[in-house]
Amino acid sequence: MKKRIEWVDLSKFVGIFAMVWGHSGVNENMDIIIHAFHMPLFFFLSGYFYKDGGIKKKAKTLLIPYFAFGIGLFLLWKIISKIISLPVYYGIPELIRGLFYDNAVLSPYAGIQWFLTCLFLTEVIFYIIKKCVKRERYIILALVLFSLLGFVYPMLTAQRLFWALDCAFTAIVFYGAGFIVSSHKISISEFLKKTWAKTVVVLVLALMAIVATYLNGYVNMRTMQYGNYFLYYISAFSIIALIMLFTKSISQIGTIRSSIIYKGILYIGQNTLIVLVMNQFFNQLFGWYVKPYLYVYLVHPYITDFVFAIIMLILMIPVSYITQQFFPFVLGKPIKKGEK
């Protein structure tokens, strides 16, 4: 079994916690920060591990969960809607339209699954670019052109493309950047070994992230709200770089690595797909019963939402374990030998 890279799992945890926290409820300023980086981070990390010829595998590990959880959550919602009176109507026509075109945006539980198809289409587009273009400078040029296309497209039309293809025009910039950084990871690591260099880089990145995020305001990749073209990418890439530096440093501290909390965080980081697809269901279900009690004891709504997000992630640990052990096929993975 291939050894996992801990800083990557830590970075994925940061991204998924930001998503869960954002869905639980945050103030306006935190919402701006979260949307500035959390989805670009996942595309960047996916590109970091790009391999030629991996499209077939990606189709299994992205599209099978997309359809499996999309249909499963639909059936679950139908059962719950019979028990509790819910205002949103979502039938078979909406399910079909959601799964095959607009990524279940009408679904009460599966709206976030746009990421799965967007990532798959991003992988396909980047695979084509790599096949047609060999030199890195031309790959960068292609990414710049896609960044312009992604920025201009929502200005030209309100018509959304199937499976969030229009989001992929922007997502591929982060995906491609992850691939390029991975190609130069040795030289980058050598440079950052110098204390003065790392200090300067962190300070510059922090300044860029703060200024660009503040000036650009709220953005949202899913709805293609990017604000200012330059500020959007400066903000996202600066925060992503800071997260990478932070998680790499944390993963090298022995006392932290031996703690059970650290191991739990790593496990969640390894199972972000399950958290992603189940988050909205858990958020609504436990929001009905858990949040009212948290509000009583914690009083402040933002503290309550933060604690609620932590509870959601803790609950996802057994769900992830059960899914991995007994239902790996819904994740596009083979059933282990000896299991039925």
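Conventions we followed
Residue indices follow the written sequence of each chain, beginning from 1 at its first position. Under the rules for a predicted model, residues below a pLDDT of 70 receive no local features and side-chain atom pairs below 80 are neither given nor counted, while totals for whole chains, interfaces and linings still include all residues. Hydrogens and waters are ignored; side-chain quantities use all the structure's heavy atoms. Think of it this way: any DSSP run of H or I at least four residues long counts as a helix, any run of E at least two long counts as a strand, and we number them from the N terminus. Remark: exposure states derive from per-residue accessible area (1.4 Å probe, protein chains only) relative to the maximum for the residue type, with buried under 20%, exposed over 50%, and partly exposed in between. Any two residues having at least one pair of non-hydrogen atoms within 4.5 Å are treated as being in contact. Neither His nor the chain ends contribute to the count of charged residues, in which Lys and Arg are positive and Asp and Glu negative. One atom stands in for each charge, and that atom is NZ of Lys, CZ of Arg, CG of Asp or CD of Glu. Expected span of a helix, by definition, is 1.5 Å for each gap between consecutive residues, and there is one gap fewer than residues. The angle between axes fitted to the seven residues ending at a residue and the seven residues starting there is what we call the bend at that residue. Under the rule applied, a polar contact is a pair of N or O atoms within 3.5 Å (in protein, one hydrogen donor and one hydrogen acceptor; residues adjacent in sequence only if both atoms are side-chain atoms).

(A) Inspection of the overall build of the protein chain at higher detail. A tally of helices and strands in the protein chain yields 15 helices and zero strands. With the C-alpha coordinates of the protein chain rotated into their principal frame, the extents come out at 60 × 50 × 45 Å. When burial is assessed residue by residue, the protein chain has 48% of its 340 residues classed as buried. Sequence separation of at least 24 residues holds for 76% of the intrachain contacts in the protein chain that already meet a minimum separation of 6. The averaged location of the 13 negative side-chain charges in the protein chain is 9 Å from the averaged location of its 31 positive side-chain charges.

(B) Representation of helix 1 (residues 6-24) within the structure. A rise of 1.5 Å per residue sets the reference length of helix 1, with its 19 residues, at 27 Å; its end C-alpha atoms lie 26 Å apart and thus fit the reference within 8%. Across the 19 residues that make up helix 1, a large majority, 15, are buried. Immediately beyond the C-terminal end of helix 1, within one or two residues, lies Gly-25, with a positive phi of roughly 130°.

(C) Molecular detail of helix 2 (residues 28-48). With 21 residues, helix 2 extends 31 Å between its outermost C-alpha atoms, agreeing within 8% with the 30 Å of an ideal straight helix rising 1.5 Å per residue. Along helix 2, the helix axis deviates most sharply at Ile-34, where the bend reaches about 30°. Of all 21 residues in helix 2, 17 are buried; the element is thus mostly enclosed. Capping the start of helix 2 is the job of one residue whose side-chain oxygen sits 3.3 Å from the backbone nitrogen of Asn-29: Asn-27.

(D) Seen up close, unusual backbone geometry. In this model, Trp-163 sits at a positive phi of 55°, which is unusual for a non-glycine residue. As for its placement among the helices and strands, Trp-163 is situated in the loop between helix 6 (136-156) and helix 7 (165-183). Judged by relative accessible area, which is 12%, Trp-163 ranks as buried. Phi is positive for Met-224, close to 60°, though the residue is something other than glycine.

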